[in-house]
Amino acid sequence: METILKQLYEDLRGTVLKCSALGNFQQPLRALMYLISFPVGAKALVNHQCALPDQSFYKSQPDVGEQCFMDSSTRRPADLLSSFATIKSVMNNLYDGLAEILRSLLKNTNTRENVLQYIAEVINKNASRAHIQVDPMSSASSGMFVNLSAVMLRLCEPFLDANSTKKDKIDPKYVFYGSRLDFKELTALHASSEEVTEWLNKNKPNNEENRLLQSQETTSSGQPSESYSFICECFFMTARVLNLGLLKAFLDFKHLVQDIQRSEDTQILRDAGLLQQALSFYQLMVVWLVSRIGGFKMPLPQPCPMEFACMPEHFVEDVMELLIFASRIPRALDGVKLDDFMNFIIMFMASPEYIRNPYLRAKMVEVLNCWMPRRSGSSSATSTLFEGHQLSVQYLVKNLLKLYVDIEFTGSHTQFYDKFNIRHNIAELLEYLWQVPIAKEEEKGVYLNFLINDSIFLLDESLNKILELKELEAEMANTTEWEQRSAQERQERTRLFHSQENIIKIDMKLAMEDVSMLAFTTEQITAPFLLPEMVERVGSMLNYFLLQLVGPQRKSLSLKDPEKYEFRPKQLLKQIVNIYVITKDGRSYNDQLFTEAANVLRRISEDPRMFDDLGKKARSAASEAMDAEAILGDIPDEFLDPIQYTLMKDPVILPSSRIIVDRPVIQRHLLSDPTDPFNRSHLTPDMLIPDTELKQKIEEFVRLQQRKQEDMSMQSSSKSSIQSPDATTSRWLVVWYYSKQEADVLLRHTKLWKLKIHSFISFDLRLRQWILLIQDVA
């Protein structure tokens, strides 16, 4: 019988060799299902030495493209949707038939082992499909692997219930000791290959070794000897098939079409049914992974259990890629329980000790961005994930801020630019969460500090790059000198020019969006802006931006096509003015900049009255600040903060180094770096020790100096013969006093250079503004 059946299978193979989804594959499929219903037929099939070739280099018949999509640009959308529906229908019929054939062969104890071994060989021999570039002549096609993905998901259906009741039948030891699939070359979630080997050698019991040896021996003889359940084998095989099939197709699709909204014609990947089957599988995946560490609860156990650390990284990456893709397909998430995915993301996005790859943790933020109600378009489906979840309320903002810091170093050669894109995604989420709201005031202060740091850096970098770009433009415009340069030098300078253009576009876009977020934040929450540790920081940033936009060098920043570089100075100025009105900063005041800013606002048809009022208040505050500094005179060193070298108002003792600093100064430092700046030991705000005795001394010193000043004023007023200086003399006296004060500060900073001063920006800005004041007087 096997000889006869072998020839029948050869004939069936010939009938479908060039058959497309629109061809007559149903009859051969039914014939195949009938033949394997007999034990001898099933055995003859699994013992057959030939397989269907996956020859994608010739077209199958009838050609799907010609039959369904000819002249598609001139056809009605309804006609095209009808064609898509036809293809989906016939493909689902094919998937159902193939799954039924495999299910029948797997139920038969005489054929199960051959089927499992066949699927394992397909996976192992196509492992290179995970690479960015795939050789089509040595690997199966995407079509074959997408089909296999759909079939494997159907085989998993019996254990993909909503409560994951069968998860305990999935043995994690399969990854380490299973003989069928090769997991050795896959990147683990956290453990290195050396750590995996060491852990296995230390924890492998003798009976496990014997079982492995026995398994390897009996498998080679073709007997069913594996002790792992079918659910376990099917789970891991499906995970590998999806990684090489469906998820690889998603990745290729993203490379082909960057904007998902333009992808209406790749409907096979937009099949909501197929996506929801995959989501059900990956829901089981996350529940099973979390069960390795005790379930969905925080904080995570330390250290990370090796059973979790050794799991393949792509298990989690595939979950995130699928969620991102499905979130952008209309109605693909309808009816899908997202709670487990949300909990998983909150638990691990800020846990580098569990998931080492920072890009994988950043991908979790991308998923959350897709789920923001205002983006997903289904607020009822996703808003409860942010507002009603216990883990969200407790840990979401905290972990987003932690990732914001951790992402500083990704380990990639592109980390410098990557971090700003990732942080931008985090900032967008935080902007949404302020409105929910679930963030604490101290968390908002931390976020504000990060946003200010990035805004200053990005804008400063962009503006400096504009100056460099204009120099290059001038070089290239001077055709006489340009043509005299060598071809290589011209090529290098041109390449540099285009590189600078790209950098400016990226940095300026992010800077503009960061300032927009700051402006938005000031409208929603004012308290963090007015914290003692933040007022000067915010004021310094705003003054610096104002100096760039309306100061003496603003004309040098003019561009022929500013929109090309995402540079919108008018919009930027308006947003900065709005922030000023909220923060009312006047400590780094420069009257000339405020006046010029008001003039610019008038020219761009904006009402400058609020800003004019702020200028008057700032002028008064600056005068009072200078008078206050003049009254104090020479301040004893013990009263000066060793970081900023300003008079301390609330001195505190650092518990480790025992250095005394001003509380607002050290709290500003702790917003971005939770360490003692003098010895790098761990430090948090609650660890600061108030120095009440020193505080009393400082307050007494201030009172004494004020009394002295009052006495001097009384004596001065009694001498009527002395005339007041005219306005010009007064201004020169102000310049002289300011220069003396700044020189003193510079001298003190120089003495403290070896103490690793961390914030010079405020001092630097005051010095620049003092120079502007001198220029104004001159």
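Anything mentioned here points back to the structure above.
Residues numbered from 1 in each chain as written. Predicted model: local features only at pLDDT ≥ 70, side-chain atom pairs only at ≥ 80, totals over all residues. Heavy atoms only, no water.

Tracing the backbone shows glutamate 233 in helix α11 (residues 230–244). Engagement of the side chain of glutamate 233 in a polar contact is seen with the side chain of tyrosine 174, the distance being 2.8 Å. (Helix = DSSP H or I, 4+ residues; strand = E, 2+ residues; numbered from the N terminus. Polar contact = N/O pair within 3.5 Å; in protein donor to acceptor, adjacent residues only side chain to side chain.)

Here we come to the pattern of salt bridges. For the structure shown, the criterion picks out 22 salt bridges. The shortest N-O distance in the salt bridge between glutamate 307 and arginine 292 comes to 3.0 Å. Taken together, the residues span a long stretch of sequence, with glutamate 307 in helix α14 (residues 306–309) and arginine 292 in the loop between α13 (272–291) and α14 at a distance of 15 residues. Arginine 292 gets classed as buried once you look at its relative accessible area, which sits at 18%. Between glutamate 501 and lysine 564 there is a salt bridge, and its shortest N-O distance comes to 2.9 Å. You can see glutamate 501 sitting in helix α24 (residues 487–524) and its partner lysine 564 sitting in the loop between α25 (532–550) and α26 (569–583), a full 63 residues away along the chain. Within the structure, one salt-bridge network assembled from shared partners comprises Glu475, Arg485, Glu489 and Arg493. (Salt bridge = Lys/Arg side-chain N within 4 Å of Asp/Glu carboxyl O. Buried < 20%, exposed > 50% of the residue type's maximum accessible area, 1.4 Å probe, protein only.)

A few words now on the nonpolar core. Grouped together as the largest cluster of nonpolar side chains are 189 residues, with contacts concentrated most on Phe236, Phe281, Met285, Met320, Phe348, Trp371 and Phe386. Sort the elements by how many residues they give to this core and α13 lands first, with 13 residues. Contact partners of methionine 285, with chain neighbours within four places excluded, come to Phe235, Ala239, Phe315 and Val319. (Core = buried A, V, L, I, M, F, W, Y, C linked by side-chain atoms within 4.5 Å. Contact = heavy atoms within 4.5 Å.)

Here we come to the packing of α11 against α13. It is at 11 Å that the axes of α11 and α13 come closest, and there the two elements cross at 120°. Our classification of the angle between α11 and α13 gives oblique. The two elements α11 and α13 cross, and the hand of that crossing is left-handed. Residues Phe235, Phe236, Thr238, Ala239, Leu242 and Asn243 of α11 form the contact with α13, whose own contacting residues are Phe281, Tyr282, Leu284, Met285 and Trp288. (Axes fitted to C-alpha atoms, helices over the stretch in contact; angles between N-to-C directions. Parallel < 35°, antiparallel > 145°, perpendicular 65-115°, else oblique. Left-handed = near helix turned anticlockwise from the far one by under 90°.)

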